Amino acid sequence: PMLVDPTNYGGSEEDVFEVIAPSIPGYGFSEMPHKKGFDQIAAAQVCLKLMERLGFEKYYIQGGDWGSLITRIMAILNPSVITGLHINMPSAENDGLEYWLRVAVGSVFPSLVGVKPEEYDRVYPFGSKFLDLLQETGYMHIQATKPDTVGFALTDSPVGLAAYILEKFSIWTNPANRDLADGGLEKYYTKDELLTSVMIYWLTGTVTSSMRFYKECFAGRAMETLSMTVTVPTGMATFPHELGHVPEAWCRSSHPNLIHYTLMPDGGHFAAFEKPALLAEDIRTFVKKVEGLNSPKH
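No experiment lies behind these values; they were computed from the predicted model shown.

1. Quick look at the overall build of the chain
Across its full length, the chain holds 13 helices and four strands. Whereas a compact globule of 298 residues would reach a radius of gyration of roughly 19 Å, the chain reaches 19 Å, a difference of no more than 12%. Summarising its shape, the C-alpha atoms of the chain cover approximately 65 × 50 × 40 Å along the three principal directions. Restricting the contact set of the chain to residue pairs at least 6 apart, pairs at least 24 apart contribute 73%. Split by element, the accessible area of the chain, about 15800 Å² in all, is 59% carbon and sulfur. Counting 24 positive and 35 negative side-chain charges, the chain places the averaged centre of each group 5 Å from the other.

2. Some words on helix H3 (residues 97-108)
Counted at 1.5 Å a residue, the expected span for H3 with its twelve residues is 16 Å, and the 17 Å between its end C-alpha atoms agrees. Here H3 has its buried residues at Tyr99, Arg102, Val103 and Gly106. Along the long axis of H3, the arc covered by the buried residues comes to 95°, so they all point the same way. The exposed set on the far side of H3, more than 90 degrees from its buried face, consists of Leu97 and Val108. Check the buried side of H3 and you find it contacts helix H4 (120-123), helix H5 (126-136) and helix H11 (248-251).

3. Some thoughts on the sheet that holds strand E1 (residues 59-63)
Taken together, four strands build an open sheet; the order of strands is E1-E2-E3-E4 and the sheet is parallel. Since the sheet does not close on itself, it has two edges, and those belong to E1 and strand E4 (258-263), each with one partner. Averaged over all adjacent pairs, the angle separating strand axes in this sheet is 15°, with direction ignored.

How each quantity is defined
Throughout this description, residue numbers start from 1 for each chain and increase along the sequence as written. Only residues with pLDDT of at least 70 are given local features in this predicted model, and only at 80 or more are side-chain atom pairs given and counted; all residues enter the totals for whole chains, interfaces and linings. Calculated side-chain values reflect all of the structure's heavy atoms, with hydrogen atoms and water omitted. Elements are defined by DSSP. Helices are runs of H or I of four residues or more, strands are runs of E of two residues or more, and each kind is numbered from the N terminus. Atoms counted for the radius of gyration: C-alpha only. Globule rule: 2.2 Å times the number of residues to the power 0.38. Working rule for contacts: check all heavy atoms of both residues, and any pair within 4.5 Å makes them a contact. Accessible surface is estimated by sampling points in the Shrake-Rupley manner with a 1.4 Å probe; for residues, cover comes only from the protein chains shown. In this tally, Lys and Arg are treated as positive and Asp and Glu as negative; His is ignored, and so are the chain termini. Each charge is placed at NZ for Lys, CZ for Arg, CG for Asp and CD for Glu. Under the convention used throughout, the expected extent of a helix is 1.5 Å for every residue step, that is, one less than its residue count. Accessibility here uses a 1.4 Å probe with only protein chains present; expressed as a share of the type maximum, an area under 20% marks a residue as buried, one over 50% as exposed, and anything in between as partly exposed. An arc is given here, and it is the one of the directions from the helix axis to the C-beta atoms. Strands are treated as partners if at least two bridges between them are detected by DSSP. Only the stretch in contact is used when fitting a helix axis, every axis being a line fitted to C-alpha atoms; angles between N-to-C directions are given from 0 to 180 degrees.

Quick look at the structure:
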């Protein structure tokens, strides 16, 4: 609502957006795929086709979580229709020697590898950050290898489904919540908001198909796109409690047209849910920069 009705949230009529927010096939109200192989590349193709059928010739795209990968792939597949790309979960290829050399050198000489002073604590100490990531990605290993095993169990238990999903809302919003008896959930969200998210999966029976999306990702070629170059104007917003941080300089190697990068003061993985005002304002700022680039110079 902050993008489609900005005047009620301190903005002006010039800031109005028309927002198309599709569910990924297999998530919530979008029909689940009927055959194997539906990965993030396929999802990007579906979204491009959707926008074409809706009559949009050029448009901005924005995403976090899987959305950040899907929108990035959209910009790679058909940059001519993408006016600008904004993501709030930047990622980078991290399985090559160059990446690990950057990490090692940056721990001692951060400026040599482009890590700004204000970014240092988001990347280092790398060992403890990496252990935290391992602790929080057990779900990914299960879903990427045996999605149906846990999926069918959660489809049969509303309490189990709620526990599985709400644990993520707790710790991915702020890892400090791990030590709280109630998980700190109501510090950020209402029970109605949280249960709505759970019920979308429960009523549509899509938790298993949503988990299969992880298996398809790692079985296909979607992750290979992280090494591909995005040429469209790009903006990034990084939140301090996101699962990982990619410094601005490291993002530029695959995003040479990175014109906007924001280190957010607060917030975690569910940025649009937890910090909608911060995210909406960052999107507006990015779009104004792009429009400024595209406006005729006198």
